[in-house]
Amino acid sequence: MSTQPLAPIEEPSGPRHCLFVSDVHLEAPGGAAERQFLHFLRTDAARAEALYILGDLFESWVGDDDPGHREVIAALAALSGSGVACFLLHGNRDFLLGEGFCARTGCRLLPDPVITRFGGEPVLLTHGDALCTDDHAYQELRTLVRAPRWQRRFLALPLATRELLANEVRAGSKSHTARTPPRVMDVNPQAVDAAFRATQVRRMIHGHTHRPAVHDALAGGQAVQRIVLGAWYEQGSVLRYQDGLYKLCELAR
Ligand code: MN
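My aim in this report is to walk through the structure given alongside it, one point at a time. Computed from a predicted structure; not experimentally measured.

## What to know about the pairing of strand β6 (residues 121-125)
- In the sheet, strand β5 (residues 114-118) pairs with β6 via five bridges, with the strands oriented antiparallel. From the neighbouring strand, Ile115 faces β6, where its bridge partner is Leu124.
- The pairing of β6 with strand β7 (residues 203-206) spans two bridges and is parallel. Bridge pairing links Leu125 to Ile205 in β7.

In structure tokens, the structure reads:
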């Protein structure tokens, strides 16, 4: 008995070549991370169909009237203007990025979490901080600062006051991180399992923990994969999706 070769499955599959980054943590202009990220935007990212920034692009963002980071904003605007779709998720440091930033850069803000299709496969994208449920102090802070009422009141303060408060929060966050056990700062395995079961996806991509890795596991009897992007403090970390394959890469400085 002869069999016909299977016809390729045609379905709306989304972009075929995209890049994912997270936790670039841009701070002072002219720093090594900024130079590397600008180079990345003008080279690698310019050749992709889409760029996904999964949160914490900036070390701090106190409102869209922030006058800093002009070169990065111009480079993102040039990239999206050239036809590369740029998507952005909020991180725990730049959750006040808003429509003003999107208008200046051409980036599109996505909700966190969000499910997007790559090669026809639904994939869960998230910054990752919501999965760190063992860090109770942080989760309480997160609930507070993500409330629309808190954000309206904060954004109504003068820029200089917001910057001062943000510096205090960052100092508090640094000392909290220093005295919290590393296990508590990582994702909670049950929270990851629950996310896979609730969304029925087989793959998720996140950052935040600064522990780049590809974790293969089982959730509800299904093989699942969790890809974790690294931070850009010491080197760049990029996930490339091309022709159905995912590849996590380090960009050496
Ligand atoms: Mn983060």
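There's more to say after this.
## Notes on the nonpolar core
- Grouped together as the largest cluster of nonpolar side chains are 35 residues, with contacts concentrated most on Phe37, Phe40, Leu51, Leu57 and Phe101.
- At the level of elements, β1 (17-21), α1 (32-42), β2 (50-53), α2 (70-81) and β3 (85-88) are the ones that each hand at least two residues to this core.
- For Phe101, the contacting residues outside a window of four places in its chain are Leu57, Phe58, Trp61, Asp64, Ile73, Leu76, Leu88 and Cys107.
- With 19 residues, the next largest nonpolar core counts Phe20, Ala50, Phe118 and Leu229 among its residues.

## Quick word on the coordination of the manganese ion
- Around the manganese ion, the donor atoms from the protein are Asp56 (OD), Asn92 (OD1), His127 (NE2) and His208 (ND1), and they sit 2.1 to 2.2 Å away.
- All donor residues of the manganese ion come from one chain, and their arrangement in sequence is D-x35-N-x34-H-x80-H. Residue Asp56 is located in the loop between β2 and α2, and its partner Asn92 is located in the loop between β3 and α3 (99-105); the two are separated by 36 residues in the primary sequence.
- Judged by relative accessible area, which is 1%, Asp56 ranks as buried.

## Considering unusual backbone geometry
- The linkage connecting Asp112 with the following residue, Pro113, adopts the cis geometry, with an omega of 0°.
- If you trace the backbone, Pro113 turns up in the loop between β4 (108-109) and β5.
- A positive phi angle, near 50°, is found at His25, a position not held by glycine.
- Residue position: His25 is located in the loop between β1 and α1.

## Re the sheet that holds β4
- With respect to topology, six strands assemble into an open sheet ordered β4-β3-β2-β1-β10-β11, the strand pairing being mixed. The sheet is open, and its two edges are formed by β4 and β11 (245-251), each paired on a single side.
- In terms of strand pairing, β2 meets β3 through four bridges, oriented parallel. By the bridge assignment, Ala50 is partnered in β3 with Ala85.

## Digging into the packing of α1 against α2
- Put simply, α1 and α2 touch, their axes get as near as 10 Å, and they point 15° apart. Relative to α2, the element α1 lies roughly parallel. As for the relative orientation of α1 and α2, their crossing is left-handed in sense. For the pair formed by α1 and α2, the contact residues are Glu34, Phe37, Leu38, Leu41 and Arg42 on the first element and Glu71, Val72, Ala75, Leu76 and Leu79 on the second.
- Of the residues belonging to the contact of α1 with α2, the class tally is seven nonpolar, no polar and three charged.

## Digging into the layout of surface pockets
- By volume, the largest pocket is sized at about 960 Å³.
- What lines the largest pocket is a set of 39 residues, and nearest its centre among them are Asn92, Arg93, Tyr138, Val169 and Ser173.
- Considering each element in turn, the lining of the largest pocket owes the most residues, nine residues, to helix α6 (residues 159-179).
- The space that makes up the second largest pocket amounts to roughly 230 Å³.
- Lining the second largest pocket are 13 residues, and of these Glu27, Ser60, Asp66, His69 and Arg170 lie nearest its centre.
- Class assignment of the residues belonging to the lining of the second largest pocket gives a composition of four nonpolar, four polar and five charged.

## Focus: the pattern of salt bridges
- Overall, the coordinates contain 13 salt bridges when judged by the stated rule.
- Here Glu59 makes a salt bridge to Arg93, at a shortest N to O gap of 3.7 Å. Of this pair, Glu59 sits in the loop between β2 and α2 while Arg93 sits in the loop between β3 and α3, placing them 34 residues apart in sequence.
- The class of Arg93 is buried, set by a relative accessible area of 18%.
- The partner of Arg197 in a salt bridge is Asp193, with the nearest N and O atoms 2.6 Å apart.

Conventions we followed
Residues numbered from 1 in each chain as written. Predicted model: local features only at pLDDT ≥ 70, side-chain atom pairs only at ≥ 80, totals over all residues. Heavy atoms only, no water. Pairing = 2+ DSSP bridges. Helix = DSSP H or I, 4+ residues; strand = E, 2+ residues; numbered from the N terminus. Core = buried A, V, L, I, M, F, W, Y, C linked by side-chain atoms within 4.5 Å. Buried < 20%, exposed > 50% of the residue type's maximum accessible area, 1.4 Å probe, protein only. Contact = heavy atoms within 4.5 Å. Donors = N, O, S within 2.8 Å, 3.2 Å for Na, K, Ca; no water. Axes fitted to C-alpha atoms, helices over the stretch in contact; angles between N-to-C directions. Parallel < 35°, antiparallel > 145°, perpendicular 65-115°, else oblique. Left-handed = near helix turned anticlockwise from the far one by under 90°. Nonpolar A, V, L, I, M, F, W, Y, C, P; charged D, E, K, R; others polar. 1 Å grid on protein atoms, 1.4 Å probe; cavity = no way out; pocket = protein on both sides within 12 Å on 5 of 7 lines; lining within 4 Å. Points joined across faces, edges and corners; volume = space filled by probe spheres on them. Salt bridge = Lys/Arg side-chain N within 4 Å of Asp/Glu carboxyl O.

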